[in-house]
Amino acid sequence: MIILSTGGERSRLGISVQKKTGNAVRRNRVKRLFREVFRLNRDLFPSPCDIVFTVRPGFADNSMRTVQASVSRLLDGGKQAGPHVA
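In this report, the structure presented in the accompanying data block is examined. These figures come from a predicted structure and were not determined experimentally.

**Some details on the packing of aromatic side chains**
Thinking step 1. As enumerated under the stated definition, the model contains three aromatic pairs in all.
Thinking step 2. For the pair Phe34 and Phe53, a centre-to-centre distance of 4.8 Å together with 40 degrees between the ring planes defines the contact as tilted. Of this pair, Phe34 sits in helix α1 (residues 24–40) while Phe53 sits in strand β3 (residues 49–55); the two residues are 19 residues apart in sequence, bridging distant segments of the chain.
Thinking step 3. With 5.7 Å between their ring centres and 45 degrees between their planes, Phe34 and Phe59 make a pair best called tilted. Separated by 25 residues along the polypeptide, Phe34 in helix α1 and Phe59 in the loop between β3 and α2 (64–77) bring together distant segments of the chain. Like Phe59, Phe34 is buried.
Thinking step 4. Pairwise contacts between aromatic rings join Phe34, Phe53 and Phe59 into one cluster.

**Observations concerning the pattern of salt bridges**
Thinking step 1. Scanning the model with the defined rule gives two salt bridges in all.
Thinking step 2. Linking Asp50 and Arg12 is a salt bridge whose minimum nitrogen-to-oxygen distance equals 2.8 Å. In this pair, Asp50 sits in strand β3 while Arg12 sits in strand β2 (residues 12–17), placing the two residues 38 residues apart along the sequence.
Thinking step 3. Residue Arg39 is joined to Glu36 by a salt bridge in which the shortest nitrogen-to-oxygen separation is 2.6 Å. With Arg39 and Glu36 both in helix α1 and three residues apart, this pair spans about one turn of that helix.

Calculation rules
Every chain is numbered independently, its residues counted from 1 as its sequence is written. Reporting of local features is limited, given that this is a predicted model, to residues whose pLDDT is at least 70; pairs of side-chain atoms are given and counted only at 80 or more, and all residues count toward the totals for whole chains, interfaces and linings. In computing side-chain properties, one takes all heavy atoms of the structure into account and sets aside hydrogens as well as water. Aromatic pairs are defined between Phe, Tyr and Trp rings, using the six-membered ring for Trp, whenever the two ring centres lie within 6.5 Å; interplanar angles under 30 degrees are classed as stacked, those over 60 as edge-to-face, and all others as tilted. What counts as a helix is a DSSP run of H or I of at least four residues, what counts as a strand is a run of E of at least two, and both are numbered from the N terminus. For every residue, the accessible area (1.4 Å probe, protein chains only) is compared with the maximum for its type, and the residue is labelled buried under 20%, exposed over 50%, or partly exposed between those bounds. The term salt bridge refers to a side-chain nitrogen of Lys or Arg lying within 4 Å of a carboxyl oxygen of Asp or Glu.

Without other data, these values stay purely geometric and don't point to any function.
The following block contains the structure:
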């Protein structure tokens, strides 16, 4: 996850899922999960900022609960100024 503060009006989300993660159905499911976590938890993310999630081939989380817990854990560990890479 990469977070970069911007001077814009609102936060933006980018999701990168490698083809090695699975077929198109699997990749789209992963993207939907991350979009929904972002939508439901906007208050956890610094605002305004650009957030980029990069999903690697070993990603095995298929439930909303596990993805949300992972994102929360990443955000809690990185309360610092400037770009954040987790």
